[in-house]
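# What the coordinates show
Take a look at the letters that make up each chain.
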Amino acid sequence: MMTPLENAPRLAAALGLDRLWIKRDDLIGLGGGGNKARKLGITCAEALAAGATTLITVGAPQSNHARATAGAAARHGLACVLVLAGHAPARETGNLLLDRLAGAEIVWSGERPPGEVAAEQAAARADSFLIPLGGSTPTSIQAYAECAGELTEQAEFDRVVVALGSGGTMAGLVLGLGADRVLGVDTGAVPEPDAAVRALLPNDPGRLGIDRGQVGAGYATVTDPVRAALRLAARTEGLFLDPIYTGRAMAGLAATATAGSRVVFLHSGGLPGLFGVDQPVL
């Protein structure tokens, strides 16, 4: 699935870059778009080959991966169980609303680790297929190795900047481009992002480029640099980002921009999450 690569000259000028392109993976049609759809193309094929009738996965309450999994399950005629961290909110917004709209069953893990609850759900349901956090597996990263090939056909660039959550998207890009051409901006989704990316790769990639300076007080928080990045992208290019993933990635790009460089910003989607945060984003 080749997605557009859009030139962003006003944003490039504001950041002091020679060229900036936006890789529009937010425009992938499945389940509201985003990077999770590419990986789900591989994991759903594995599930169907195994004879699964139910997809089970885990995530935070506003998980983009959970929402995309619900959409993928609906498209393939499968049942879907989403095990989400914590307790049910008083009102379902953002990705949670879309999860329900797609017909997913939501199980709240309460005080227990979501992965533990998901394993129990998988054991109790015949013909189920358990997808890990973020859909990141050693096989699903091939989706972003293929995306790296797309990028090299679309433009000549120095590096790609991408949000780093469960690690699969960055791992695939590193597999396709090499570690020196990829910057992952840590979102705080996992405690050791470097280890998460390395665990998915078949060989030692060498030194990984990871910016850990945008996490702030934690994964679910919205920081001032992220607010500034959201405004800048929207007011220079009409580009809307989310406050947890792509907003952090843009803040990381702003903090590390090198004059004269040519950069691809991978827009990994996540816009519904903008409508699920309970903090100011402006």
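Figured I'd write up the structure that's included with this text. Everything numeric here is computed off the predicted structure, so don't read it as measured data.

## A closer look at the sheet that holds strand 6 (residues 128-131)
Ordered by their spatial adjacency, 4 strands build an open sheet running 5-4-3-6, and the pairing between neighbours is parallel. Looking at which strands have only one partner, the edges of the open sheet turn out to be strand 5 (105-108) and strand 6. Pairs of neighbouring strands in the sheet enclose a mean axial angle of 20 degrees, with direction left out of account. Note that strand 3 (residues 54-59) and strand 6 share 4 bridges and pair parallel. Bridge pairing links Ile56 to Leu130 in strand 6. Docked against the sheet, helix 2 (residues 35-49) engages strand 3 and strand 6, running at close to 150 degrees with respect to strand 6. Against the sheet, helix 4 (residues 94-101) contacts strand 4 (79-84) and strand 5, and its axis sits at roughly 130 degrees relative to strand 5.

## Focus: the nonpolar core
Counting residues in each nonpolar core, the largest one holds 27 residues, and the members touching the most others are Leu20, Met250, Leu253 and Phe265. Those elements that place two or more of their residues in this core are helix 1 (9-15), strand 2 (19-24), strand 7 (159-164), strand 8 (182-186), helix 9 (224-237), helix 10 (246-256) and strand 10 (262-267). Residues within four places of Phe265 in sequence aside, it is in contact with Leu20, Trp21, Ile22, Lys23, Val161, Leu241, Thr246, Ala249, Met250 and Leu253. Formed by 26 residues, the second largest nonpolar core is a distinct cluster that contains Ala155, Leu201, Leu208 and Val264.

## Details of the pairing of strand 8
With 5 of 5 residues buried, strand 8 is to be regarded as a mostly interior element. Side chains Val182, Gly184 and Asp186 of strand 8 all project onto a buried face; the interleaved residues Leu183 and Val185 project onto the opposite face, where all are buried too. Sheet analysis places strand 7 next to strand 8, joined by 5 bridges and oriented parallel. Bridging from a neighbouring strand, Val160 pairs with Val182 of strand 8. At this point the chain moves from strand 7, through helix 7 (residues 168-177), to the parallel strand 8, and the crossover so formed is right-handed. As judged from the 3 bridges shared by strand 8 and strand 9 (residues 209-211), these two strands associate in the parallel manner. Bridging from a neighbouring strand, Leu183 pairs with Gly209 of strand 9. Regarding the hand of the β-α-β motif, the stretch spanning strand 8, helix 8 (residues 193-200) and strand 9 is right-handed.

## What about the packing of helix 3 (residues 64-76) against helix 4?
Look at helix 3 against helix 4: their axes get within 9 Å of each other, and the N-to-C directions meet at 15 degrees. What the angle tells us is that helix 3 and helix 4 run roughly parallel. Where helix 3 crosses over helix 4, the handedness of that crossing is left-handed. Side by side, helix 3 and helix 4 meet where Asn64, Ala66, Arg67 and Ala70 of the first sit next to Asn95, Leu98 and Asp99 of the second. Split into classes, the residues belonging to the contact of helix 3 with helix 4 amount to 3 nonpolar, 2 polar and 2 charged.

## Here we look at the sheet that holds strand 7
Spatially, 6 strands are ordered 1-2-10-7-8-9 in an open sheet, and the strand pairing comes out mixed. For this open sheet the edge positions go to strand 1 (5-7) and strand 9, each flanked by a neighbour on one side alone. Shown here is a sheet whose adjacent strand axes are inclined to one another by a mean of 25 degrees, direction ignored. Inspection of the sheet shows strand 2 paired to strand 10 by 6 bridges, in the parallel sense. Counted as the bridge partner of Lys23 is Leu266 from strand 10. Sheet contacts for helix 10: strand 2, strand 7, strand 8, strand 9 and strand 10; angle to strand 7, the most-contacted strand, approximately 140 degrees.

## Thoughts on helix 2
Counted at 1.5 Å a residue, the expected span for helix 2 with its 15 residues is 21 Å, and the 22 Å between its end C-alpha atoms agrees. When we look at burial in helix 2, the residues that qualify are Asn35, Lys36, Ala37, Arg38, Lys39, Leu40, Thr43, Cys44 and Ala47. Contact partners of the buried residues in helix 2: strand 2, strand 3, helix 3, strand 6, helix 6 (142-154) and helix 7. Positive phi appears at Gly51, one or two residues downstream of helix 2, with a value of about 80 degrees.

## Focus on the packing of helix 6 against helix 7
Helix 7 packs onto helix 6 with a crossing angle of 50 degrees between their chain directions and a minimal axis gap of 7 Å. The angle between the axes of helix 6 and helix 7 places the two elements in the oblique class. Crossing geometry of helix 6 relative to helix 7 is assigned as right-handed. Residues Gln142, Tyr144, Ala145, Ala148, Leu151 and Thr152 of helix 6 touch helix 7, and the partners they reach there are Thr169, Gly172, Leu173, Leu175, Gly176 and Leu177.

## Some points on the side chain of Arg159
Of note, Arg159 is situated in strand 7. Buried and without a salt bridge, Arg159 has Asp158 as its closest oppositely charged side chain, separated by 7.6 Å. Of the polar contacts made by the side chain of Arg159, one reaches the backbone oxygen of Thr256; its length is 3.2 Å. Contacts of Arg159, omitting those with residues within four sequence positions, involve Arg181, Leu183, Leu253, Thr256, Ala257, Arg262, Val263 and Val264.

Calculation rules
- Residues numbered from 1 in each chain as written.
- Predicted model: local features only at pLDDT ≥ 70, side-chain atom pairs only at ≥ 80, totals over all residues.
- Heavy atoms only, no water.
- Pairing = 2+ DSSP bridges.
- Helix = DSSP H or I, 4+ residues; strand = E, 2+ residues; numbered from the N terminus.
- Axes fitted to C-alpha atoms, helices over the stretch in contact; angles between N-to-C directions.
- Contact = heavy atoms within 4.5 Å.
- Core = buried A, V, L, I, M, F, W, Y, C linked by side-chain atoms within 4.5 Å.
- Buried < 20%, exposed > 50% of the residue type's maximum accessible area, 1.4 Å probe, protein only.
- Right-handed = clockwise from strand over helix to strand, strands pointing away.
- Parallel < 35°, antiparallel > 145°, perpendicular 65-115°, else oblique.
- Left-handed = near helix turned anticlockwise from the far one by under 90°.
- Nonpolar A, V, L, I, M, F, W, Y, C, P; charged D, E, K, R; others polar.
- Expected span 1.5 Å × (residues − 1).
- Lys, Arg positive; Asp, Glu negative; His and termini not counted.
- Salt bridge = Lys/Arg side-chain N within 4 Å of Asp/Glu carboxyl O.
- Polar contact = N/O pair within 3.5 Å; in protein donor to acceptor, adjacent residues only side chain to side chain.

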